[in-house]
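Analysis of the macromolecular model
Now for the letters of each chain:
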Amino acid sequence: MSTVVALLFVLCSCAPDGQLQHSDNPKTDNTVQVYQDGDEGHDEDVPMNNHLTETAVVEARLRVSESQVEEQRVLLQELRAIVAQQSTKLNEMGATMEEQRVLLQELRAIVAQQSTKLNEMGATVEELKRENRERPKVAFSASLSESKGPNSDDGILVYKHVFNNIGEAYSPVTGIFRAPVNGVYYFTYTAFTTSSKKRRVSLYKTSNGDCDRW
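Figured I'd write up the structure that's included with this text. (Residues numbered from 1 in each chain as written. Predicted model: local features only at pLDDT ≥ 70, side-chain atom pairs only at ≥ 80, totals over all residues. Heavy atoms only, no water.)

Here's the deal with the pattern of salt bridges
Using the following cut-off: For salt bridges, the criterion is a side-chain nitrogen of Lys or Arg within 4 Å of an Asp or Glu carboxyl oxygen. Secondary structure elements follow DSSP: runs of H or I of four or more residues count as helices, runs of E of two or more count as strands, with numbering from the N terminus. Each residue gets one of three labels from its accessible area relative to the maximum for its type: buried under 20%, exposed over 50%, partly exposed in between, using a 1.4 Å probe on protein chains only.
Counting across every chain of the model gives 3 salt bridges. With a shortest N-O distance of 2.4 Å, E98 and R101 are connected by a salt bridge. Of this pair, E98 and R101 are both found in helix α2 (residues 42–134), 3 residues apart, which corresponds to roughly one turn of the helix. Since its relative accessible area comes to 37%, E98 is described here as partly exposed. By relative accessible area, R101 is classed as partly exposed at 40%. With a shortest N-O distance of 2.2 Å, E127 and R130 are connected by a salt bridge. Of this pair, E127 and R130 both sit in helix α2, 3 residues apart, roughly one helical turn. We classify E127 as partly exposed; its relative accessible area is 31%.

Examining unusual backbone geometry
With a phi close to 55°, E168 is a non-glycine residue in the positive phi region. Looking at where E168 falls in the secondary structure, it is placed in the loop between β4 (161–166) and β5 (204–207).

So, the packing of aromatic side chains
This is how the line gets drawn: When the centres of two rings from Phe, Tyr and Trp lie within 6.5 Å, Trp using its six-membered ring, the rings pair. Their planes under 30 degrees apart give stacked, over 60 give edge-to-face, and anything left gives tilted.
A complete count under the given rule lists 4 aromatic pairs for this structure. With 5.6 Å between their ring centres and 65° between their planes, F177 and Y185 make a pair best called edge-to-face. With centroids separated by 5.6 Å and ring planes inclined at 75°, the aromatic side chains of F177 and F187 adopt a geometry described as edge-to-face. Linking F177 in the loop between β4 and β5 with F187 in the loop between β4 and β5, this pair joins segments that are 10 residues apart in sequence.

Re the side chain of N165
For clarity, the cut-off: Contacts described as polar in this section are N or O atom pairs within 3.5 Å, which, within protein, must combine one atom able to donate a hydrogen with one able to accept it, while residues neighboring in sequence count only if both atoms come from side chains. By the convention used here, residues are in contact when the closest approach between their heavy atoms is within 4.5 Å.
Examined against the element boundaries, N165 turns out to sit in strand β4. For N165, the side chain forms a polar contact with the main-chain oxygen of Y170, separated by 2.8 Å. Ignoring anything within four residues of it in the chain, the contact list for N165 reads A139, F140 and Y170.

As for a nonpolar patch on the surface
The test is simple: For patch building, the residue pool is restricted to those with more than 30% relative accessible area and no salt bridge; the joining distance is 9 Å between like charges and 5 Å between nonpolar side chains (Val, Leu, Ile, Met, Phe, Trp, Tyr). What sets the accessible areas is the Shrake-Rupley method with a 1.4 Å probe; for residues, cover comes only from the shown protein chains.
On the surface, a cluster of nonpolar side chains totalling about 250 Å² of accessible area is made up of L75, L79 and I82. Topologically, L79 is positioned in helix α2. On the basis of relative accessible area, L79 is assigned to the partly exposed category, the value being 45%.

Rendered as structure tokens:
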């Protein structure tokens, strides 16, 4: 009896502020558990606090994720707006390029037409040059070798003194000029007299046997 009392006294002196509880387990009735004041139910509070902490962390992470999602949504909207603007600009550029392409085709057609006309004009010029080279050159100048008249009847004045007769179209024997090619001819002549009598000099053109005075 004295031994048991001594053991309890030792236990009480070692834990003066604690409480003595016997284990519910009948196999360990001699086991003594000591709890500090204010720590009742400590084994049950620790899991609950850990659960609350994990929930707060999850909620914080969720709020961060929601914030990131919102930022991503705003950024996506901005990117869509930029893409829409770029698409509009590309459409405008495409329309402008189409207009430029049509205009370029029209200019090419005009250039082709002008080139064709220039080629035709060049061919015409070359043809005229060839004809001009092949066309005989006609020119003459002559004078009377002596005075004529007075004459009562019309007659041909033969200019026998020939200065130039390019193309040999004028005959100093007959006094007649025969046009070798079609064209415009220019004639000048002068006549004078020392008497007071009337004078008349005319230039005649014959065609198909008819004689017309110019």
